[in-house]
Each structure stands twice: as structure tokens, then as C-alpha cells.
Amino acid sequence: MMANKQEATKRPNASAVTEHITEKDYDSPHLATSAQVQHNLGHQHLWTSIIGDIILGQAEDTNSLSRDPHQPPREPIPLLSGYPPHRVYTHPDEQLYMLENGIREDDLKPERMFVVPTTQGQPWTLRHMAAVFDRLPEFKQKAEEHDQSVNPTSMQLGAESLDPEKAEKLALYYDKKEKARLTKEWGAQRCLLAMVDKGMGGDGTVAYYVVHEGEVKPRQN
Amino acid sequence: MDFQPELPIPISYVSGRYLLFSIDAVTYLRREHHICGVLIGTLPQIPQQNVFLGLPLELMPEEARLLVDKGVACIVDEAKAHDGMNTLLEEDRRRYLRDLESQGLHVSRIQSDRKERNREQTLKKLEEKKAKAKAKAEASAAAAQTPTVPEEGTSIPSPKNAAVVDLFNAEDRSSSPPTASTSIPPQSAMAITPATSYPPLPTPPSSSHLSAPAVPPSYPLFAHLHSKGYFLSPGLRFGCQYMAYPGDPLRFHSHFLVVSYDWDQNIDIMDLVAGGRLGTGVKKGFLIGGSQKGIDEVDSEADRVDTVRAFSLEWAGM
Amino acid sequence: MADADEDLIHAPANASAQPEVDLSDETQDFRFLNHLNFFADSSPGIPRRGEKDFEPNPTELQADVLSASRGAMHNALSYPRLHGAKTRVIAFYAPDGYVPPAQPGRAKPKAGGEDGKEDGKSSESTPKPARPLPNSARISPDACVYVPSPKGQFFKTMGQADSSSRVWLLPEEALYLIERGSLDIRWPSPSASAAGPGEEDLSVPMSLQAAYTCFMGRGGLTLERYSVYTGLKRLGYALFRAPGWCDDMEQQDAAVSDASELTSPELHGPGLAGMLGSLFNWIHDPRSTASTATGPIIGTGIHRHYMDVYRKLAIIPWYDPVTAPERHPSDTTPPFRVVFHIYKPSTPLKKSALPTPDFRIAVVSTRDQTTMPTMTELGALLESTPLDPPRGEKMDRMMYMRLRHGYRNVVMAVVDQGVVSYLRIADSAFGKEKLYENKGGPQGPKRNRTNQKPRKR
């Protein structure tokens, strides 16, 4: 009995994600959540080129917080972005356009998708939500620069491999998409809200929801 | 049908609630201002069911407030206004009763006309049937049978089920045999329970109008969505504060389950999952939002409406 | 002649035939109502749900359909409330309520036959000669409309007759009847003193609007309570005010005895059995070495059966609704308080001696009560209802049905701006269902699932 004691109390090895989080020694719980979501995106959902960023909190200045609704909240908000293997979201009207013009999802350039990692019990308000969308363009810009620096040619699909008719259609599509971005007819800015189940008895499941800025009609399928 | 009521439309304030009793006001507000309210009354023509309901229409305080702020409606304290019934002049009383009687006569006449027409139609159909049957019978050369008799029996109206029909039938059945005769027996006037009290009451003066209704903190989001063309209805039954429809709920499914938050009010992440899940399950979006300003930071509710931000959630499917 | 209409009518207005989808959930397309010709021969039924679109588009078809729907709605809601000469029932609004007759000596005409039952109370304690007659005693002080010559089915379950056989109606009863077009209520005659037949000609009919104005808020009637009342009346239920109707109620002896008499025998029965049971168990477990305080829960004795082990593992105390104290309605917190007693259409009723209600209902307005009830509030609400343990062959057999039924139950009507949701709340006794004592595994409809055909994908 005594002899077995040593072995009985030995803990199982930490999971890869726990090791990862421990290694990085994050000083904020938000970053730990972020690491967990990043792990999940990369390994469960096979996202690629994942990069992280952060919206800094306004911890020191509590007075101005209540005055200016545009200031970010006290806590920092981490942000992740990457390329999903398949499109996560297509606006219903965009889908209709693609259908009508014979454009398949595979024909399109991959799009970088932004993710906000959150977890149960953490403070979350409309101010947090607004802070994310207000800074999204800036992060998009940064991410594009990053992509350019890593692989300057990745963004240009081999145009020569397409037949001219398809290329024409795609050109029209991108044209329309740019217009739709301005009119918001294919939805406004969007990102994913990742919610980690970490509470009592939480199993580390990550639920992903698409969040749109403003009123965007739901998909019907 | 595209009736234009006189503005502002009086909204009845009764025992702390906001009600409409005039069908013209209800139709007008729905058509022109996308305000639907909830019908809560019994339809006298089919009183034993809950699928189709009738007047009065209950308005949310938000709806009443929006209409008052727009200058489309005003709030009338009906208890006070109905004190006027005690001081009604005998002359007005008589005139009102005369009006009601002539309306009642008119209705009686319409009823008997309709009855008459129905009867004629039925007879006509019967005759056609008879003629057809006759032709058929002759053609088949089996002239001995007369199948018209039982048929006749089944197609004669037997208005026993509907109380309404009974009501209108009482005299007809006893008086005239079912022939094509056009003689209408003299009708006595039907008594009428009017929907509204105006007349005989005079329109309440604007000085007596109550102030704009108090509204819950969710009002800015309500007004914001309304300004974007959505039709809104109470949503607790579906697990939210409001249901938002892209068009008249008579014809369209709702797009959003709506919940309002204050700008710095904590949102439980699990509530977002639950709401998103609930919405996606019924092909609707879960919409959260609220005003960036508190009521103490601005001069009016309208100022808060301008600063509303909203976000829609759907399950990402991953 | 009703070919087209027959397609649209699928359910007769039969209270027992419940449609699969709750049509009242959604805004209905009134066009389908228009297809029902109210002057036609068939009885009006409930039309089927209309197809709706996802979003507006600029097509004319859609605009036309919408306009037709709105027109139909307008027509349906314009339908007048009419009273034919033969079926018309006239009533009078009495703003001051029921006033007992001035002349006490007058012999009571044997009119209120069904109400003629004596309480015994009034005969014992009547030194004052001016007391109202027995059946008048039942007339609520909130009654404010009287029907001089009542006729028709409605008065079987509504109103109370006074000594001159006029039937007095409560505000909700009068409002329900005027709204469905079954009562012609008149304002009091201008010359208030004389109720002579000649003067009544000048009594003006009350409008629906006036009826809401005068009756709503009177004697505790709120719009939410009325919505529940009228919604259930439309479906054929009979409703009566419960002792908890008044929010500011005090402990009333009559109500107490009424509630406890019904339940006390049941309270003792299972309670005693439960006590005997635990005594029995204790006697039969003399060699227990277990202690929840100091030692192993199971102990080192011989366990012949898993049941012994499970029994010992059951160390968490559980709530037994059978032994819960019976509470008076005044212990509850409004709005979590029973305000209506409800009877199914099939329950035989006698107004003067109401049987045990089929349902008890509490009414909650979402604008006045914005939070969920606390456990204390919910507990008090349940304990103010009599014990109603699961009974019958089916309940004995099926555990899940027992759990669902519970030992006490109450219906909560949550009214959100005119939209009513009904929730049944039951006091389930999970502690009483010892799964380890079930020999054949879980029982209930689940068991048969293996026999079912696989569902289509």
C-alpha cells in the first residue's frame, strides 16, 4: 500500500493548452482565455495564420469612463484573427448574389476573421462590444500589413488559372462586395464572439457566435 | 379604408394601461406608424376562441410614448372623461339614443337583405342542381328515381350552430316560407353596444391630456428599432423583451429577439449563448443594444434614442 | 356552397380539440377570418395559420396581400355588438354597488332556488332585522352591474342573485359579457331616484370603452387579471375569484377553514406512513457501524443488497412536500398568490357550493413584477395550495409522470402587455422516488422507445 502511494498521487500530465498557457506566464486572465481560444481555433477548427492583439483597458481613469461612452472599458480586451478553412459567415443577400452569378465559396479569396475571446463570469457590457467594433478597422489594417510581410503573394490568387468568364464574374463580385461594404447591404462589420466554458464544472468547450454591428437579418438556413 | 383620423389620436388611459377602442385609430396607427399593440378583446362574432382577438388594443407604454412624442397621439384619462356621462343633457341623450336606433334599424335591414340574398342564391343553386339531376336522369333513361329530394334536404340552410345566425334569424324563420318572394318583414331595430363613448361624450380638450407615459429603460432601443422600420411587439413569451419584425407581423416572420441593456450594465456571457441559441433555433437573430447615455445625462428620451448602438448575434455553426 | 371555406376550417370551435400549434402564439392573418362567412350555415371554426414571408420585397403582390390582410382585420374588428329583440339581456350599471333593500320585513320571493342554501351563519347572528337575506350575503361588495331579468346560459356560472332575483355581476363578469356582445349594459337613468319603466327609456347604453373605464381597477380587477379571466372563459373554463384576490387581505377565518379542511386528512396520511417507514428502517438496521459524523458512511457491516448501501449513502436531507406546513394565502406575497379558481368545462358546477377547483392560478404582470419569484415566494405560493399528490393507476406506474405532477401545483399566468403565458409549477418530490428501489429500471414512456420505429432523418 505504501509503495503505491507515490504513483497514486502523481498528477496526469497537463494538457497541451494548459502547458502553453503556463509557459507564456500571462499576467492577465484575459490573455489566458485568449490562449485557450487560439488553441481551439488552431487545433479544433484548423484556422491558420492566427495572430493576437489587444485593446488596452482604461484602468487608471475611472471618472472619465462614465462620461465618454466611446472609451474602452477598464479591462483589456484581447483580439484574435485568422483564416478559417471555410467561410464562417455569408450574408443571405450575398449568398443569393453568389448563387445567381454562379460563384462558389471556393472561388473566393480567403478572408481574415476576427475573434473576441471571452469566458463565463468576466465583465462584459455594450461598451466592450462597441470598443471592439470601433477598433476593428485598425486591427484589420494591421493584420493586412502582417499578411503582406509574411507572404507578399498570398493575397493574389493565380489569376491566370481562371477562365476569363469566371474572372470577369469574380471581378464584378468584388466590385459589388466593396459597394455592399459601404452601403452595409451585406451586413456591417462582424466578428466572432468565442465563449469559453471555464466556470465550475466547465469543460473548456468554446462556443462561437457571429456578432454583427447593428441590425443584420438572420440567415435562413 | 385608408381612413385618416383626426390627430392627435386619443389613447385611453385606463387603470394604468394604454388602450385603443377605435378601429379606425388602430388601423391607421398600424398602417402609418407601424404600431401594432396587442388585441386583447373578445370578437363578438366568434367569442369562443383565442386565435383571433378583437378590440380593445393594448399598447405598451413604449408605443404610447412614441406616438405622443411624435405628436400623433395624446393620452386621455378615461375615468375623468366619463364623468361627463353624469352631466349629459337630456337633449343630447335623446339625440344619441335616436342615432343608435337608426343605426340599429340600418343593421337590421342589412341583415334581412343579406338573408334574402343568401336564400335566393341557395334556391338558385338548388334549381340548377335539380335541372342537372333531371337532365342526368333523363339521359340515363332511368327515369324512375328522384334523387333530388334528399339533396334538397341537405343543402337547405340549418343555422342552428352559430348564435349570431340565430339572432338574425329569429324573425325570418317564423315569418316567411323559403320561397323566392322578396317581401321583407318589418324589422325592429337591433340594440347596439357601441365600441367607443365618443359620441355621446365630447372630445376631451387638450388641456386635460395626461403627460407622456413613463417608459422602461429599454425605451431607447425600442424607439431606435422602430425608427429603422421594424414593427415591435412584447417578447416575453418568446424569451426576450421585444420581437422585431421587418414588416407588419400580419404578413412577416420576426427577424430578431431583442433584449436591451444599459451601456455599462454587466451582460452575463451565458445569457449571450442562451439568447443566441434561442434565436438560431427559430431562425432569428438575437439582438442586444442600448443607449450610450443614461437618462440623467440628457435632456430627453429622444436624445438617448440617437445614441443607441445595437449588435446582432447568430450561432457561428462551429 | 362552402367548398373554398372548408379548406380553411379544420378545427371546429370545440374546446377539447387542441390544435398542434398554438395559433394564438403569433399574429394571425385576418384574411383567413374573412373567409368565414358569419352568416353562413356552418358554425364558425378556427382558420389555419397563414403563410408568412421572411422580409418585405418591393413586389406588388406582397403589398396587395398585406393590404388585403389589413382590410380583413379592419372588417373583423368593426363587427358590431348587436342585441336582437329576443335574445337581448339588459343590465344596469350601479356605480355604488349592491345596496341591500331598505324594507326588511318583505318576504323573500322563492326566486333564487339554486342559491337558497343557508349558511347558518346569518340565522345565528341576526339580532339586527335589517340584515340582507341569505343569498344576498354572497353578493360581493365589488359587484356593480345587475341584470333585472337574467336569461341565458351565462348566469349558471356567473353572478349572484339578490332578494328580488336580480343577478349581480362582478366587474370582470360584466366586462366579459359586454365584450362578447351578450349583455346590453345601460348607464344609470338620469333621474336616479325613480326606476320607473317610463324613465328607463332614457338610459344610455354603455360602450365597450365605458365598460373598461368603469370596471377596470374596480375591486382589485387589473387588466392582467382580466386578460387571464377572459382568455380562459373564451376557452370554456369557469373562473371564480379565490380568497387571495385582495392584495391587502387579512387572515380570515372562513378562508382558513376552507383551505385546511380540504387538505388536512391527506396531510396526515402519507406523513404518518413516511414516519412509520423510517422507524421500520431503523429497526431493521441494528448492526450499522456507519456514522456520518465520524466514520465511513457505509460502515463495515455485511451488506446483502445494494439498496442498503444506497440507503446509507443518502445523507443529503431532502424536502418532502407532504410534510410541508399548510399556509394561508395571506402568507404569500402578491402577485405570487392564487387569485382565480378554475373549473374545466366538464366539471359540474353549482355556484352556491363550488367543488375543489381543477386549477388554481396566480397572475403576474411583467411590467409590475420584473424579476423571477424567489424561492420563498414560490414556496409560500405552493404551500398555500392544498396537497394534490399523484394518484391513479397511471401515476403509480410511471415515475416521470409522478414527478411532473408533483404534490402541490399552481398555474402562473405571466401577462406581458396583453400576451399571456401559462406556466404550471409543481412541487416535485425527487427524494420520494428512490431509483435504487426500482426493480425494473426506470419506468415511464421512455421504456418503450426501443420498440419505436427509427425516426426519419
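An unreviewed UniProt entry lists chain B under the name tRNA-splicing endonuclease subunit Sen34, with Penicillium egyptiacum as the source organism. In its Sequence similarities (unreviewed entry) section, the UniProt entry covering chain B states "Belongs to the tRNA-intron endonuclease family."

Labelled according to an unreviewed UniProt entry, chain A appears under the name tRNA-splicing endonuclease subunit Sen15 domain-containing protein, originating from Penicillium egyptiacum.

Novice: Sorry if this is basic, but what is going on with the overall build of chain A here?
Specialist: The number of helices and strands found in chain A is 7 helices and 5 strands. Along chain A, helices (α) and strands (β) appear in the sequence α-α-α-β-α-β-α-β-α-α-β-β when read from the amino end. Here the contacts in chain A between residues at least 6 apart in sequence split such that 68% fall between residues at least 24 apart.

Novice: Quick question: what am I supposed to make of the UniProt feature "active site" (unreviewed entry) in chain B here?
Specialist: Per the UniProt record, the feature "active site" (unreviewed entry) sits at Tyr 245, His 253 and Lys 284 of chain B. A maximum C-alpha distance of 10.2 Å among these annotated residues, which run over 40 residues, shows that they cluster at one spot. When sequence neighbours within four positions are dropped, the list of residues in contact with Tyr 245 of chain B reads Tyr 230, Phe 231, Phe 252, Ser 254 and His 255 of chain B. Mapped onto the elements, Lys 284 of chain B comes out in the loop between helix H8 (269-281) and strand E10 (285-291). Setting aside its immediate chain neighbours within four residues, Lys 284 of chain B contacts Pro 218 of chain A together with Ser 254, His 255, Phe 256, Leu 257 and Gly 279 of chain B.

Novice: Explain the environment of His 70 of chain A to me, please; I cannot follow it from the model alone.
Specialist: All names here are of chain A. Considering the arrangement of structural elements, one finds His 70 in the loop between helix H4 (62-67) and strand E2 (77-83). The exposure class of His 70 is exposed, given the 9 C-beta atoms found within 10 Å. C-alpha of His 70 to C-alpha of Ile 103: the two residues are 33 residues apart in sequence and 39 Å apart in space.

Novice: Can you help me understand the environment of Glu 314 of chain B in this one?
Specialist: Residue position: Glu 314 of chain B is located in strand E11 (residues 308-315). In this structure Glu 314 of chain B comes out as buried when scored by C-beta crowding, with 22 C-beta atoms within 10 Å. For Glu 314 of chain B and Gln 103 of chain B, which are 211 residues apart along the polypeptide, the C-alpha to C-alpha distance reads 55 Å. Once you skip the residues sitting within four places of it in the chain, Glu 314 of chain B turns out to touch Tyr 209, Val 210, Pro 218 and Arg 219 of chain A together with Gly 276, Gly 279, Thr 280 and Gly 285 of chain B.

Novice: Could you clarify how one ought to interpret the interface of chain B and chain C in this entry?
Specialist: When the parts come together, some accessible area is lost, and that loss is often what is quoted as the size of the interface. Counting residues at the interface gives 75 residues for chain B and 74 residues for chain C. Counting residues per element, the side of chain B that touches chain C draws most heavily on helix H4 (residues 90-140) of chain B, at 9 residues. By residue class, the composition of the side of chain B that touches chain C is 43 nonpolar, 20 polar and 12 charged. In terms of strand pairing, strand E6 (residues 191-193) of chain B meets strand E3 (residues 81-83) of chain C through 3 bridges, oriented antiparallel. The partner of Ile 192 of chain B across the bridge, within E3 of chain C, is Leu 82 of chain C.

Novice: Is there a simple way to think about the confidence of the model for chain A in this case?
Specialist: Residues shown with low pLDDT carry predicted positions that ought not to be read at fine detail. Confidence in the prediction for chain A averages 83 pLDDT; 77% of positions are at 70 or higher. Low confidence marks residues 1-6 of chain A, where pLDDT is under 50. Its contacts with residues over four positions away, or in another chain, come to 0 contacts.

Novice: What am I meant to see in the sheet that holds E11 of chain B here?
Specialist: Think of a sheet as strands paired side by side through backbone hydrogen bonds, with each pair either parallel or antiparallel. Strand order across the open sheet formed by 10 strands is E1(A)-E2(A)-E3(A)-E4(A)-E5(A)-E11(B)-E10(B)-E9(B)-E8(B)-E7(B), with mixed pairing between neighbours. What marks the edges here is a single partner per strand, and that holds for strand E1 (48-55) of chain A together with strand E7 (231-234) of chain B. Between one strand axis and the next, the sheet turns by 30 degrees as a mean value, whatever way the strands run. Of the strands in this sheet, E1, E2, strand E3 (113-119), strand E4 (190-196) and strand E5 (206-213) of chain A together with E10 and E11 of chain B touch helix H6 (residues 126-150) of chain A, which is tilted by about 130 degrees from E1 of chain A. In the packing of helix H7 (residues 219-227) of chain B onto the sheet, the strands contacted are E7, strand E8 (242-245), strand E9 (256-260), E10 and E11 of chain B, and the crossing angle to E11 of chain B comes to about 80 degrees.

Novice: Whenever I open this one, the nonpolar core confuses me. Can you help?
Specialist: Across soluble globular proteins, you tend to see nonpolar side chains buried next to one another. Among the nonpolar cores identified, the biggest contains 172 residues, and Leu 192 of chain A, Ile 11 of chain B together with Ala 174 and Ala 211 of chain C are the most heavily contacted of them. For Ala 211 of chain C, the residues in contact, after removing those within four places along its chain, are Ala 174, Leu 175, Ile 178, Ile 185 and Met 206 of chain C.

Novice: Whenever I open this one, the pairing of E11 of chain B confuses me. Can you help?
Specialist: In regular strands, side chains alternate between the two faces of the sheet. With 7 of its 8 residues buried, E11 of chain B lies for the most part within the structure. Two elements, E5 of chain A and E11 of chain B, share 5 bridges in a ladder whose sense is antiparallel. Its bridge partner lying in E11 of chain B, Tyr 209 of chain A is registered against Trp 315 of chain B. As defined by bridge partners, E10 of chain B adjoins E11 of chain B across 6 bridges and the pair is classed as antiparallel.

Novice: Would you mind showing me how to read the packing of helix H6 (residues 171-179) of chain C against helix H7 (residues 208-215) of chain C here?
Specialist: A pair of packed helices can be characterised by two numbers: the angle between their axes and the separation between those axes. All names here are of chain C. Taken N-terminus to C-terminus, the directions of H6 and H7 make an angle of 170 degrees; their axes are 10 Å apart at the nearest point. One finds that H6 runs roughly antiparallel with respect to H7. Here Pro 171, Ala 174, Leu 175, Ile 178 and Glu 179 of H6 lie close against H7, whose contacting residues are Leu 208, Ala 211, Tyr 212 and Phe 215. Of the residues contributing to the contact of H6 with H7, the split by class is 8 nonpolar, no polar and 1 charged.

Novice: Is there a simple way to explain the sheet that holds strand E10 (residues 338-343) of chain C in this structure?
Specialist: Residue and element names in this part refer to chain C. Spatially, the 5 strands line up as an open sheet ordered E9-E10-E11-E12-E13, and their pairing is mixed. Each of the sheet's edge strands pairs with one partner strand only, and the pair in question is strand E9 (238-241) and strand E13 (419-426). Taken over all neighbouring pairs, the strand axes of this sheet differ in orientation by 30 degrees on average, direction set aside. Taken together, the 4 bridges between E9 and E10 define a ladder with antiparallel strand orientation. Counted as the bridge partner of Ala 238 is Tyr 343 from E10. Lying over the sheet, helix H8 (residues 223-234) contacts E9, E10, strand E11 (359-365), strand E12 (409-416) and E13, oriented at roughly 140 degrees with respect to E11.

Novice: Looking at this model, I keep getting lost on the pairing of E4 of chain A. Mind explaining?
Specialist: Residue and element names in this part refer to chain A. Of all the 7 residues making up E4, 7 are buried; the element is thus mostly covered by neighbouring parts of the structure. Alignment of E3 against E4, held across 5 bridges, turns out to be parallel. Residue Thr 119 lies in a different strand from E4, and its bridge partner there is Val 196. Sheet topology places E4 next to E5; 7 bridges connect them, and they run antiparallel.

Criteria and cut-off values
- Here the residue numbering is sequential within each chain, running from 1 through the sequence in written order.
- For naming, the first written chain is A and the first written ligand is 1, with later ones following in the order written.
- Where totals are concerned, whole chains, interfaces and linings use all residues; where local detail is concerned, this predicted model gives features only for residues with pLDDT of at least 70, and gives and counts side-chain atom pairs only at 80 or more.
- UniProt positions are given in the numbering used here, feature names are shortened, and annotations may be inferred rather than shown by experiment.
- Numbering of helices and strands starts at the N terminus; helices are DSSP runs of H or I of at least 4 residues and strands are runs of E of at least 2.
- Residue pairs are scored as contacts if the distance between their C-beta atoms, which are placed from the backbone, is within 7 Å.
- Buried, partly exposed and exposed are defined by the number of other C-beta atoms within 10 Å of a residue's own C-beta, namely 20 or more, between the two limits, and 12 or fewer respectively, with C-beta atoms placed from the backbone.
- Residue polarity is assigned by list, with Asp, Glu, Lys and Arg as charged and Ala, Val, Leu, Ile, Met, Phe, Trp, Tyr, Cys and Pro as nonpolar; anything else, Gly included, falls into the polar class.
- Two strands make a pair as long as DSSP finds a minimum of two bridges between them.
- Note: pLDDT gives the predictor's confidence per residue, expressed from 0 to 100.
- Think of each axis as a best-fit line through the C-alpha atoms, taken over the contacting stretch in the case of a helix, with angles from 0 to 180 degrees between the N-to-C directions.
- By convention the nonpolar core is taken to be a set of buried residues drawn from Ala, Val, Leu, Ile, Met, Phe, Trp, Tyr and Cys and joined through C-beta atoms within 7 Å.
- Reported orientations rely on four angle classes, namely roughly parallel under 35 degrees, roughly antiparallel over 145, roughly perpendicular from 65 to 115, and oblique for the rest.

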